[in-house]
Amino acid sequence: VPDELLLGLKFIFGPCAVPALDLVDQRSVTRVMSPSGRTLYQVLGSSGKLYTCYSSCHFCTCPAFGFSVLQKSESLLCKHILAVYLSQAMGACQELSVSEEQLTGILLAEEEDEG
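Residues numbered from 1 in each chain as written. Predicted model: local features only at pLDDT ≥ 70, side-chain atom pairs only at ≥ 80, totals over all residues. Heavy atoms only, no water.

### Remarks on the packing of helix α2 (residues 17-25) against helix α4 (residues 79-90)
Thought 1: Contact geometry of α2 with α4 gives a least axis separation of 8 Å together with a crossing angle of 55 degrees. When the axis of α2 is compared with that of α4, the two are oblique. In terms of crossing hand, the pair formed by α2 and α4 is right-handed. Residues A17, P19, A20, L21, L23 and V24 of α2 form the contact with α4, whose own contacting residues are K79, H80, L82, A83, L86, S87 and M90.
Thought 2: Looking at the contact of α2 with α4, its residues break down into 10 nonpolar, 2 polar and 1 charged. (Axes fitted to C-alpha atoms, helices over the stretch in contact; angles between N-to-C directions. Helix = DSSP H or I, 4+ residues; strand = E, 2+ residues; numbered from the N terminus. Parallel < 35°, antiparallel > 145°, perpendicular 65-115°, else oblique. Left-handed = near helix turned anticlockwise from the far one by under 90°. Contact = heavy atoms within 4.5 Å. Nonpolar A, V, L, I, M, F, W, Y, C, P; charged D, E, K, R; others polar.)

Structure representation (structure tokens):
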């Protein structure tokens, strides 16, 4: 990434820009697709936990998103969502095709983690 682009990313997105680029470099972003065309992203965070991101509605299951973005309105997004957008732009997403049942299982597992 050229220095001027990196500076722009840091200016717009603040402290999550560099960690998001690290996640992209580590190939931590996976696009999960079902036969019906439903898509979500899973990002392996720096802590080793897997977070589910929905780029279509700008949402991540990580605690930082819930606190900094939703509760405090201090940030536009978390490093996981930014990593999704950057990996899409750079063509750096891993791809995983799953059945409708497997996608449902992923979504239900996230719901259980939150509840």
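### Examining the side chain of Q42
Thought 1: The topology assignment puts Q42 in strand β2 (residues 39-44).
Thought 2: Given the relative accessible area of 13%, Q42 is considered buried. (Buried < 20%, exposed > 50% of the residue type's maximum accessible area, 1.4 Å probe, protein only.)

### Here's the deal with the UniProt feature "domain: SWIM-type" (unreviewed entry) in the protein chain
Thought 1: UniProt's feature table lists "domain: SWIM-type" (unreviewed entry) at residues 51-89, given in the numbering used throughout.
Thought 2: This span, residues 51-89, is 51% helix and 15% strand, and a straight line between its end C-alpha atoms measures 20 Å. (UniProt positions renumbered as here; feature names shortened; annotations may be inferred.)

### Some words on the packing of aromatic side chains
Thought 1: Summed over all chains, the structure comprises 2 aromatic pairs.
Thought 2: When the ring of F59 is compared with that of F65, the centres are 5.3 Å apart and the planes differ by 80 degrees; the resulting orientation is edge-to-face.
Thought 3: Judged by its relative accessible area of 2%, F65 is buried.
Thought 4: Aromatic ring contacts, followed pair by pair, group Y54, F59 and F65 into a single cluster. (Phe/Tyr/Trp six-rings, centres within 6.5 Å; stacked < 30°, edge-to-face > 60°.)

### Looking at a nonpolar patch on the surface
Thought 1: A cluster of nonpolar side chains, contributed by V1, L5 and M90, occupies part of the molecular surface with about 290 Å² of accessible area.
Thought 2: By secondary structure assignment, the location of V1 is in the segment before α1 (3-13). (Patch = residues over 30% accessible without salt bridge, like charges linked within 9 Å, V, L, I, M, F, W, Y side chains within 5 Å. Areas by Shrake-Rupley, 256 points an atom, 1.4 Å probe, with all protein chains shown as cover. Salt bridge = Lys/Arg side-chain N within 4 Å of Asp/Glu carboxyl O.)

### Observations concerning the nonpolar core
Thought 1: V29, C53, C60, L82 and L86 are the most contacted members of the largest nonpolar core, which totals 25 residues.
Thought 2: Counting residues per element, the ones that place at least two in this core are α2, β2, β3 (50-54), α3 (63-71) and α4.
Thought 3: Judged by nonpolar contacts, the second largest core, of 6 residues, contains L40, Y54, L103 and I106. (Core = buried A, V, L, I, M, F, W, Y, C linked by side-chain atoms within 4.5 Å.)

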